[in-house]
2 protein chains.
Amino acid sequence: MTTHLDEYDRKLLAQVQNDARIPQNELGTRVNLSTAAVNRRLKRLSEEKVIERYTAIVEPGAVGYPLMIVVTVEIEREQIDLLDAMKRTFAACPQIQQCYYIAGEWDFVLVLVVRNMDQYNDLTRQLFFGNNNVKRFKTLVVMDRVKAGHNVPVHIDP
Amino acid sequence: MTTHLDEYDRKLLAQVQNDARIPQNELGTRVNLSTAAVNRRLKRLSEEKVIERYTAIVEPGAVGYPLMIVVTVEIEREQIDLLDAMKRTFAACPQIQQCYYIAGEWDFVLVLVVRNMDQYNDLTRQLFFGNNNVKRFKTLVVMDRVKAGHNVPVHIDP
DNA sequence: TCTGAAAATGGACCTTT
DNA sequence: AAAGGTCCATTTTCAGA
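Residues numbered from 1 in each chain as written. Chains lettered and ligands numbered in written order. Predicted model: local features only at pLDDT ≥ 70, side-chain atom pairs only at ≥ 80, totals over all residues. Heavy atoms only, no water.

A. Broad picture of the domain arrangement of chain A. For chain A, the assigned domains read domain 1 (7-47) and domain 2 (60-141). Taken over C-alpha atoms, the centre of domain 1 of chain A sits 37 Å from the centre of domain 2 of chain A. (Domains from an automatic or database assignment.)

B. Highlighting unusual backbone geometry. All names here are of chain A. Its identity as a non-glycine residue notwithstanding, Asn32 has a phi of 70°, on the positive side. Relative to the helices and strands, Asn32 resides in the loop between α2 (24-31) and α3 (35-47). A relative accessible area of 64% means that Asn32 is categorised as exposed. Even without being glycine, Lys49 reaches a positive phi, approximately 60°. Looking at the secondary structure, you find Lys49 in the loop between α3 and β1 (51-58). (Helix = DSSP H or I, 4+ residues; strand = E, 2+ residues; numbered from the N terminus. Buried < 20%, exposed > 50% of the residue type's maximum accessible area, 1.4 Å probe, protein only.)

C. Layout of the environment of Asp84 of chain A. Within the secondary structure, Asp84 of chain A is located in helix α4 (residues 80-92). Counting along the chain gives 66 residues from Asp84 of chain A to Asn18 of chain A, while the straight-line C-alpha distance between them is 34 Å.

D. Up close: the protein's contact with DNA strand C. All residues adjacent to DNA strand C are Arg21, Ser34, Ala36 and Arg40 of chain A together with Pro23, Gln24, Asn25, Ala36, Asn39 and Lys43 of chain B. Restricting attention to atoms of DNA strand C within 4 Å of the protein, one finds that 67% of them are sugar or phosphate atoms. Here a phosphate oxygen of DNA strand C and a side-chain polar atom of Ser34 of chain A are 3.0 Å apart. Separating a phosphate oxygen of DNA strand C from a backbone N or O atom of Gln24 of chain B is a distance of 2.7 Å. At the level of elements, α3 of chain A together with α2 (24-31) and α3 (35-47) of chain B are the ones that each hand at least two residues to the surface near DNA strand C. Residues belonging to the surface near DNA strand C are distributed by class as follows: three nonpolar, four polar and three charged. (Near = heavy atom within 4 Å. Polar contact = N/O pair within 3.5 Å; in protein donor to acceptor, adjacent residues only side chain to side chain. Nonpolar A, V, L, I, M, F, W, Y, C, P; charged D, E, K, R; others polar.)

E. Quick look at the environment of Val113 of chain A. Relative to the assigned elements, Val113 of chain A resides in strand β4 (residues 108-114). For the pair Val113 of chain A and Asn132 of chain A, spaced 19 residues apart in the sequence, the C-alpha separation amounts to 24 Å. With near-sequence residues (within four places) excluded, Val113 of chain A lies in contact with Pro60, Tyr65, Leu67, Met68, Gln95 and Gln97 of chain A together with Val152 and Pro153 of chain B. (Contact = heavy atoms within 4.5 Å.)

F. Broad picture of the packing of α2 of chain B against α3 of chain B. Residue and element names in this part refer to chain B. Packing of α2 against α3 brings their axes to within 8 Å, and their N-to-C directions diverge by 100°. The angle between the axes of α2 and α3 places the two elements in the roughly perpendicular class. For the pair formed by α2 and α3, the contact residues are Gln24, Asn25, Leu27 and Gly28 on the first element and Thr35, Val38, Asn39 and Leu42 on the second. Its residues assigned to classes, the contact of α2 with α3 comprises three nonpolar, five polar and no charged. (Axes fitted to C-alpha atoms, helices over the stretch in contact; angles between N-to-C directions. Parallel < 35°, antiparallel > 145°, perpendicular 65-115°, else oblique.)

Shown next, in the form of structure tokens:
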């Protein structure tokens, strides 16, 4: 397990989740640390994989993927090798942004972006109709991305 | 609409989605541009909001939020002010990472992270049972985060 | 925490198409 | 005009004392 995170670490994480390009001296003034201390802490947080990675969030519409779709998938049999193959297939599909394996009525939730409905139809053929371990799936078309991101609350209480 | 993106832009976007901390001279050698050209293009992509923002991805388990849950929500009435109020409530909840307003059987899909089931129960009271515009909701507990991110495919064909 | 070297960013200016 | 390249000043990072 990770070394316990103190309040400085939490404040830093809150900041860099919002904006990863704030310079370390500015972070220092915001959280009341020297630049060097900020530098060491961020380095440690990356090394310990508390910070997994840094990324640029691209607006899908701007690059020609204006349509977002959530899909729930039920499979036929939860045989381990079939399951793993399925996970690999989903993970390898560039249009699939997120894939979660879940407990309950459904087995997978996918979040994906596509150019248009035609492309989504093609994908359903490849991923679902073309896979005889898929029992059924349900398509939920996103009308409004109200909130998107992977920000994790880092404060003690809430 | 945005100025058309050329192949350089697409290559740069692919790179910075994977790792936003690659220095611009390294990006330059990878895509065959000078550092200054890379700098100018990234600046433009940010200004045009093709790049929405830069962020650090934090591992939820490392900060005490090991449990991820997907929730589908059906509401009673799609009255515009009620809907907006609901969106604001969901957007303001720090445990909710993503909130999508969708067409079809359900009205919202939420992706959230919590410390444990107790905290999730508390949240359901606040967000769902405590809101009389929520007709019903379904809880999908994530067992495996197979793939997570917001990477958008940036290449022309696929 | 402070200091300084090395690295990275980003603007000025000139050249090419 | 639009975009690339080189050069250089400023800013940022990051390690040693």
